[in-house]
Amino acid sequence: MEYKIAVLSGDGIGPEIVEQAIKVLKAVGKKFNHTFHFTQALVGAIAIDQMGDPFPEETFQLCMDSDAVLFGAIGDPKYDNDPKAMVRPEQGLLAMRKKLGLYANIRPVTTFPSLIHKSPLRTDLVEGADFVVVRELTGGIYFGEPRGRSEDLNKAYDTCVYTRPEVERILKLGFEYAAKRNKQLTVVDKANILATSRLWRETAQEMALSHPEIEVDYMFVDNAAMQIIQWPKKFDVMVTENMFGDILSDEASVITGSLGLLPSASVGIHTSVFEPIHGSYPQATGKDIANPLATVLSAAMLLEIALDLTVEAESVREVVDRSMSEGVVTEDISEGKAYKTSEVGDWLAKNL
Ligand code: IPM
Ligand code: MG
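This write-up is about the structure you can find in this document. For clarity, every value in this text was computed on a predicted model and none was experimentally measured.

Any two aromatic rings considered together are summarised by their centre-to-centre distance and by the angle between their planes. By the definition in use, this model includes five aromatic pairs. Here phenylalanine 36 and phenylalanine 38 contribute two aromatic rings whose centre-to-centre distance is 6.3 Å and whose plane-to-plane angle is 40°, an arrangement assigned as tilted. Ring centres of tyrosine 162 and tryptophan 200 lie 5.4 Å apart, and the angle between their planes is 85°; on these two criteria the pair is classed as edge-to-face. Note that tyrosine 162 is positioned in the loop between strand 7 (156–157) and helix 7 (164–180) and tryptophan 200 in helix 8 (residues 195–209), a separation of 38 residues in sequence. A single burial state applies to tyrosine 162 and to tryptophan 200, both of which are buried. Connected via pairs of aromatic rings, a cluster forms that spans Tyr3, Phe36 and Phe38. Here the basic side chain of arginine 135 rests over the ring of tyrosine 142, its NZ or CZ set 5.4 Å away from the ring centre.

Below you can see the structure in the form of structure tokens.
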């Protein structure tokens, strides 16, 4: 088959890690007889520099015309340290999510036995932890109106808004993931305080009636933040609103010690986007030292979720496992010789 892949490498280490994922996808194409057509487009700080817009119209059109989007990272320290900057790289990400209708962010949290010792938690707590965070991505306080500052600039406000259809579609996805996995769904909210959370909880309770096979529990977000650390193994699928999901998914990503290895998918109405959960790591830019595995594993999610190529996806995961057990990894996780980003990519492509 032939597939069109939009490549949005973005900033910092984005281009170097995405290049390795492309090598692996090309090897998949060779082995399984598919043709992937890769087309690059700008996003993030580099898009601001070159076109004055962090998510230019051409980039949007390319995404719409593609079967999937492979995304690197965005962000540049020159904007982080300038709160007054009018246009920011992050706006590109939010515009992309909104325009592509990417209402769900899926982050699987898995452990890799060879990396458990890097976890900030005790091995016995994290060993075998395996859950998925399903985060709502186009609603809530990230997008709610009104937002802004008073005229005298001494007051600022953001608004958290959810409609029932928005809540239903993300919960539906949560139920679907739970059904495919261990049939346990944790709905995370702050229903003791927030009206939006009460809408979430009410909607989830209604939907639970038609999913008797799923065990649903409800947890306040502060308690969830604690339990992720205390009993990470008890979770299967966690579904939550945009900002709670932003915070909890970062927390969840470090407990396994494998930050450089975790992929994510953003799915919704139009083309799905696949990206590593880590950022643009500006200090490492151009040094050929960044770990490309999270991006390669994002490409595996792309094969499985966007293109329905399950066997192909499995072959990518398998070769990634092998690179780790044979020690062909970058300096952040290596125990002996550290390989370069590009060397890891070459090895994966050759050994797939
Ligand atoms: C993420 C990031 C983004 C978010 C930022 C970069 C806008 O933290 O994808 O989790 O807050 O959603
Ligand atoms: Mg985040």
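Next up on the list: unusual backbone geometry. In this structure, proline 146 follows glutamate 145 across a cis peptide bond, with omega equal to 0°. On the secondary structure map, proline 146 appears in the loop between strand 5 (130–136) and strand 6 (148–149). Although it is not a glycine, asparagine 33 adopts a positive phi angle of roughly 65°. With relative accessibility at 65%, the residue asparagine 33 sits in the exposed group. Its identity is not glycine, yet aspartate 288 carries a phi of approximately 60°, on the positive side. Among the structural elements, aspartate 288 can be located in the loop between strand 12 (273–276) and helix 11 (293–306).

Let's shift gears to the site of ligand 1. In the neighbourhood of ligand 1, the contacting residues comprise Glu90, Leu93, Arg97, Arg107, Arg135, Tyr142 and Asp246. Here arginine 135 contributes a side-chain N or O atom positioned 2.8 Å from an oxygen atom of ligand 1. Between ligand 1 and the protein, one listed contact pairs an oxygen atom with a side-chain N or O atom of tyrosine 142 at 2.6 Å. When the free accessible area of ligand 1 is taken as 320 Å², the share hidden by the protein chains comes to 71%. If one sorts the elements of the shell around ligand 1 by residue count, helix 5 (residues 89–99) sits on top with three residues. Of the residues that constitute the shell around ligand 1, the class distribution is two nonpolar, no polar and five charged. Domain assignment of the residues forming the shell around ligand 1 places at least three in each of domain 1 (1–101 + 272–352) and domain 2 (130–254).

Spatially, the 10 strands line up as an open sheet ordered 2-1-3-12-11-4-5-10-8-9, and their pairing is mixed. On the outer flanks of this sheet lie strand 2 (35–40) and strand 9 (215–220), each paired with one strand and no other. In this sheet, adjacent strand axes meet at a mean angle of 25° when their direction is disregarded. The pairing of strand 1 (residues 2–10) with strand 3 (residues 68–73) spans five bridges and is classified as parallel. By the bridge assignment, isoleucine 5 is partnered in strand 3 with alanine 68. Against the sheet, helix 9 (residues 221–230) touches strand 8 (184–189), strand 9 and strand 10 (237–240), its axis set at about 105° to strand 9.

The rules behind the values
- Residues numbered from 1 in each chain as written.
- Chains lettered and ligands numbered in written order.
- Predicted model: local features only at pLDDT ≥ 70, side-chain atom pairs only at ≥ 80, totals over all residues.
- Heavy atoms only, no water.
- Phe/Tyr/Trp six-rings, centres within 6.5 Å; stacked < 30°, edge-to-face > 60°.
- Helix = DSSP H or I, 4+ residues; strand = E, 2+ residues; numbered from the N terminus.
- Buried < 20%, exposed > 50% of the residue type's maximum accessible area, 1.4 Å probe, protein only.
- Lys NZ or Arg CZ within 6 Å of the ring centre and 35° of its normal.
- Near = heavy atom within 4 Å.
- Polar contact = N/O pair within 3.5 Å; in protein donor to acceptor, adjacent residues only side chain to side chain.
- Areas by Shrake-Rupley, 256 points an atom, 1.4 Å probe, with all protein chains shown as cover.
- Nonpolar A, V, L, I, M, F, W, Y, C, P; charged D, E, K, R; others polar.
- Domains from an automatic or database assignment.
- Pairing = 2+ DSSP bridges.
- Axes fitted to C-alpha atoms, helices over the stretch in contact; angles between N-to-C directions.
- Contact = heavy atoms within 4.5 Å.

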